[in-house]
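Spelled out, the chains give:
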Amino acid sequence: LDFSNILDAPLAQYYGFVVKNERGDSIYVSCVSFMEPLTCEKVEQLALMSEKRKATCLPHARFCERRERQRARKQRKSKALGSHFSNSKPASIEQEGSDCSTEADSNFLLTGFDDMTTFENKTICLVSRYPFWTAFRKFLSHLHILSGSVSDMPLERCISHLLLSVPLPKPGGHNVIVPLPALNEPMVMNIPPEKDFPLMDLPYQRLVACLEIK
C-alpha cells in the first residue's frame, strides 16, 4: 500500500525477468506494476481488520488511539478557525489581510492531508517462451491505459484475444501485427530464421548512446 496525493501517484513501472523450468527451458515474464486507489469495499475490509486487530495487538490499539486524538484535535482547530472568520468584521479583515492570508495558507497546507489517497499495488504479467520484450511492453501499456479509462471493453477480453486468437509468428515468416487502439500503434512480433541470430527484442538506443565516438 502507498499513501500519497492523487496527483502524486507513482507512475507505472515495466520490467521483465527470465526463469527456468524443470527441463532448463527459458520462460520469459514481462510485467507492468502500477498503483490504483483502494475501492470502498477494500477500505471497509481494512477498517474491519483494524478493529479486530486492536483487540489483540496493543501497539496497534495505541496507534489507533493517537490517530483518533489527532483527528479530534484537527476538527476542533478547523471549527475554531471557521467560527473566527465568520464572527470577524470586514474592516478587521481588511486591516489584517496579510495575517489572514498567511493563516489561510497555512491552514490549507494542513488540511491538504485530507486529499491523500491510499493506493494498492497491482501487477499484470505476460508469460511466454519467446522474448518479445518490446512487443509485450506495448501490450502491457495498452492494458494499463485501458484499466484507467472509461472503456466498456474488459481487460480479460484483450488478454484472451492475444492468447487464443493471435497466432505465433513462424521463423523467418511474416510479422504478426496486433492493433492497439489505446497507443495508436500496433504490436509487432516476428521470429528470425532458424539459421539466423536468436531473437533479441530489446531496445539498444540507450546503450549505444552511452558509447563514445572513436
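Going by the structure above, here's the rest.
Below or above, wherever it landed, is the structure these notes cover. (Residues numbered from 1 in each chain as written. Predicted model: local features only at pLDDT ≥ 70, side-chain atom pairs only at ≥ 80, totals over all residues. Heavy atoms only, no water.)

Our next topic: the pairing of strand β3 (residues 26-37). Of all twelve residues that make up β3, ten are buried, and the element is covered over most of its length. Hairpin connection between strand β2 (residues 13-20) and β3: a loop of five residues separates the two successive antiparallel strands, and G24 in this loop has a positive phi of roughly 90°. (Buried < 20%, exposed > 50% of the residue type's maximum accessible area, 1.4 Å probe, protein only. Helix = DSSP H or I, 4+ residues; strand = E, 2+ residues; numbered from the N terminus. Pairing = 2+ DSSP bridges.)

Scanning all chains against the criterion turns up three aromatic pairs. Ring centres 5.8 Å apart and planes at 85° place the aromatic pair Y28 and W133 in the edge-to-face group. In this pair, Y28 sits in strand β3 while W133 sits in helix α5 (residues 133-147), placing the two residues 105 residues apart along the sequence. Residues Y28 and W133 agree in their burial class; the two are buried. Aromatic pair F132 and F136: ring centres 5.8 Å apart, planes at 80°, arrangement edge-to-face. (Phe/Tyr/Trp six-rings, centres within 6.5 Å; stacked < 30°, edge-to-face > 60°.)

Another aspect to go through is the environment of D196. Relative to the elements of secondary structure, D196 occurs in the loop between β6 (187-189) and α7 (205-209). Looking at D196, the relative accessible area reads 43%, which means it is partly exposed.

Here we come to the nonpolar core. In terms of nonpolar packing, the biggest core is built from 21 residues, with F132, F139, M187 and M189 touching the most fellow members. Sorting the residues of this core by element identifies β3, β4 (116-128), α5, α6 (155-165), β5 (176-178) and β6 as the ones contributing at least two each. Top element by residues in this core is α5. It accounts for six residues. In this structure, F132 is in contact with L168, P169, M189, N190, I191, L199 and D201, ignoring residues within four places of it in sequence. (Core = buried A, V, L, I, M, F, W, Y, C linked by side-chain atoms within 4.5 Å. Contact = heavy atoms within 4.5 Å.)

Attention now moves to the side chain of S141. Structurally, S141 is set in helix α5. Owing to a relative accessible area of 14%, S141 belongs among the buried residues under this scheme. Those residues in contact with S141 that lie beyond four places of it in its chain are Y14 and L183.

The next point concerns α5. A rise of 1.5 Å per residue sets the reference length of α5, with its 15 residues, at 21 Å; its end C-alpha atoms lie 21 Å apart and thus fit the reference within 8%. Inspection of α5 places W133, A135, F136, F139, L140, S141, H142, L143 and L146 among the buried residues, and these make up the whole buried set. (Expected span 1.5 Å × (residues − 1).)

A word on the pairing of β2. Bridge count for β2 against β3 is eight bridges, and the pairing is antiparallel. Its bridge partner lying in β3, F17 is registered against V29.

Here we take up a positive patch on the surface. A cluster of basic residues, R62, R66, R69, R73, R76 and K77, forms a positive patch on the protein surface. By secondary structure assignment, the location of R69 is in helix α2 (residues 58-87). (Patch = residues over 30% accessible without salt bridge, like charges linked within 9 Å, V, L, I, M, F, W, Y side chains within 5 Å. Areas by Shrake-Rupley, 256 points an atom, 1.4 Å probe, with all protein chains shown as cover. Salt bridge = Lys/Arg side-chain N within 4 Å of Asp/Glu carboxyl O. Lys, Arg positive; Asp, Glu negative; His and termini not counted. Charge placed at Lys NZ, Arg CZ, Asp CG, Glu CD.)

A word on a nonpolar patch on the surface. A surface patch of nonpolar side chains, amounting to about 610 Å² of accessible area, comprises M200, L202, Y204, L207, V208 and L211. When you line up the elements, M200 lands in the loop between β6 and α7. With a relative accessible area of 52%, M200 lands in the exposed category.

A word on the pattern of salt bridges. A side chain of one charge can pair with a side chain of the opposite charge if their charged atoms are brought near each other. Applying the stated criterion to the full structure yields three salt bridges. A salt bridge links E185 to K138, with the shortest nitrogen-to-oxygen separation between them at 3.9 Å. Highlighted residues: E185 in the loop between β5 and β6 and K138 in helix α5, separated in sequence by 47 residues.

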